[in-house]
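Residues per chain, in single letters:
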Amino acid sequence: YPLRRQRQMCIRDRHHIVLWLVAIVFFMPVFWIILGALKTKEQLLAIPPKWLFVPILANFVDIFKRPNITTYLINSVIISVSAVAIAIIVSFLAAYCFSRYQPTGTNFLMFLLLSIRMVPAAATVVPVYMMYVAFGWKDTWLGLILFYAMFSIPFSVWILKGFIDGVSPRFD
């Protein structure tokens, strides 16, 4: 048994090494963005890329010196929070309905919701733009909030349905 235990530990250690390597690969773009924020423009655009440099915080200071930055941040927070709130409310209600009442064709509708998510965003830009112009939503907060919510609801419904399926109906 000690040999078997040692073999299992070796396999587990290999799995952990592979998982760490995958995590590092997935974190590299985030690391690259952080490095870019700490470089000057010349260092950022240098070919080949400069890995060794003196980090600067001037980029962050420059952001907060720009006029209207607080207005931009407040707008971003309002639009993001509103879109997320709408998406969560609509998605949860739809997912609850699909999970508990299971209307006819639920599985097909779930497939359609996931398929809608696979449509490239570029394919929907012109029709959505034309619709927004017709409704008068172009260049409005409402238009932007509904746009963000619209693109997150299908996937959210699919994820939440799976979650609600796992919760016992006695907690309803």
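Placed above this text is the structure.
Residues numbered from 1 in each chain as written. Predicted model: local features only at pLDDT ≥ 70, side-chain atom pairs only at ≥ 80, totals over all residues. Heavy atoms only, no water.

Chemist: A description of the overall build of the protein chain should follow, citing residues and the corresponding values.
Modeler: For the protein chain, the count of helices and strands is seven helices and zero strands. Seen through its C-alpha atoms, the protein chain measures out along the principal axes to roughly 70 × 60 × 30 Å. A burial count over the protein chain gives 16% of its 172 residues as buried. Across the protein chain, contacts joining residues at least 24 apart in sequence account for 54% of those joining residues at least 6 apart. Here the protein chain has roughly 13,700 Å² of accessible surface; of this, 74% comes from carbon and sulfur atoms. (Helix = DSSP H or I, 4+ residues; strand = E, 2+ residues; numbered from the N terminus. Buried < 20%, exposed > 50% of the residue type's maximum accessible area, 1.4 Å probe, protein only. Contact = heavy atoms within 4.5 Å. Areas by Shrake-Rupley, 256 points an atom, 1.4 Å probe, with all protein chains shown as cover.)

Chemist: How would you summarise a nonpolar patch on the surface if you had to cite specific residues and measurements?
Modeler: Taken together, the side chains of I17, W20, L21, I24, F27, M28, V30, F31, W32, I34, W51 and L52 define a hydrophobic patch exposed on the protein surface, amounting to about 1,300 Å² of accessible area. Its relative accessible area of 52% is what places I17 among the exposed residues. (Patch = residues over 30% accessible without salt bridge, like charges linked within 9 Å, V, L, I, M, F, W, Y side chains within 5 Å. Salt bridge = Lys/Arg side-chain N within 4 Å of Asp/Glu carboxyl O.)

Chemist: Please provide a residue-by-residue account of the packing of aromatic side chains, values included.
Modeler: Counted by the stated rule, this structure contains nine aromatic pairs. Taken together through their ring pairs, the aromatic side chains of F92, Y96 and Y101 make up a single cluster. For K39, the ring lying beneath its charged end belongs to W32, and the centroid distance is 4.9 Å. (Phe/Tyr/Trp six-rings, centres within 6.5 Å; stacked < 30°, edge-to-face > 60°. Lys NZ or Arg CZ within 6 Å of the ring centre and 35° of its normal.)

Chemist: Quick one: what's the story with the environment of I79, residue by residue and with numbers?
Modeler: Here I79 lies in helix α4 (residues 69-101). When the C-alpha atoms of I79 and L144 are compared, they prove to be 7.3 Å apart, with 65 residues separating the residues in sequence. Sequence-distant contacts of I79, that is, excluding residues within four places in its chain, are made with W141, L144, I145 and Y148.

Chemist: So, the packing of helix α5 (residues 106-118) against helix α7 (residues 141-165): which residues are in play, and what are the values?
Modeler: Close contact between α5 and α7 brings their axes to 8 Å; oriented N to C, the two are set at 140°. As far as their axial angle goes, α7 and α5 are oblique. Between α5 and α7 the crossing geometry is left-handed. Where α5 abuts α7, its residues T106, M110, L113, L114, I116 and R117 lie against F151, P154, F155, V157, W158 and K161. Considering only residue class, the contact of α5 with α7 consists of nine nonpolar, one polar and two charged. (Axes fitted to C-alpha atoms, helices over the stretch in contact; angles between N-to-C directions. Parallel < 35°, antiparallel > 145°, perpendicular 65-115°, else oblique. Left-handed = near helix turned anticlockwise from the far one by under 90°. Nonpolar A, V, L, I, M, F, W, Y, C, P; charged D, E, K, R; others polar.)

Chemist: Provide a residue-level description of α4, including the pertinent values.
Modeler: Between its first and last C-alpha, α4 extends 47 Å over 33 residues, near the 48 Å set by a 1.5 Å rise per residue. By the burial criterion, the buried members of α4 are I69, I79, A83, A87, S91, A95, F98 and S99. Elements in contact with the buried residues of α4: α3 (58-65), α5 and α7. Q102 sits one or two positions beyond α4 and adopts a positive phi of about 40°. (Expected span 1.5 Å × (residues − 1).)

Chemist: Can you break down the packing of helix α6 (residues 121-135) against α7 residue by residue, with the values?
Modeler: Following both chains from N to C, one finds α6 and α7 inclined at 140°, their axes separated by 12 Å at the closest point. Considering the angle they form, α6 stands oblique to α7. Crossing handedness for the pair α6 and α7: right-handed. Counted together, T124, V128 and Y132 of α6 and G143, L146, F147, M150 and F151 of α7 form the full contact between these two elements. For the contact of α6 with α7, the class distribution of residues is six nonpolar, two polar and no charged.

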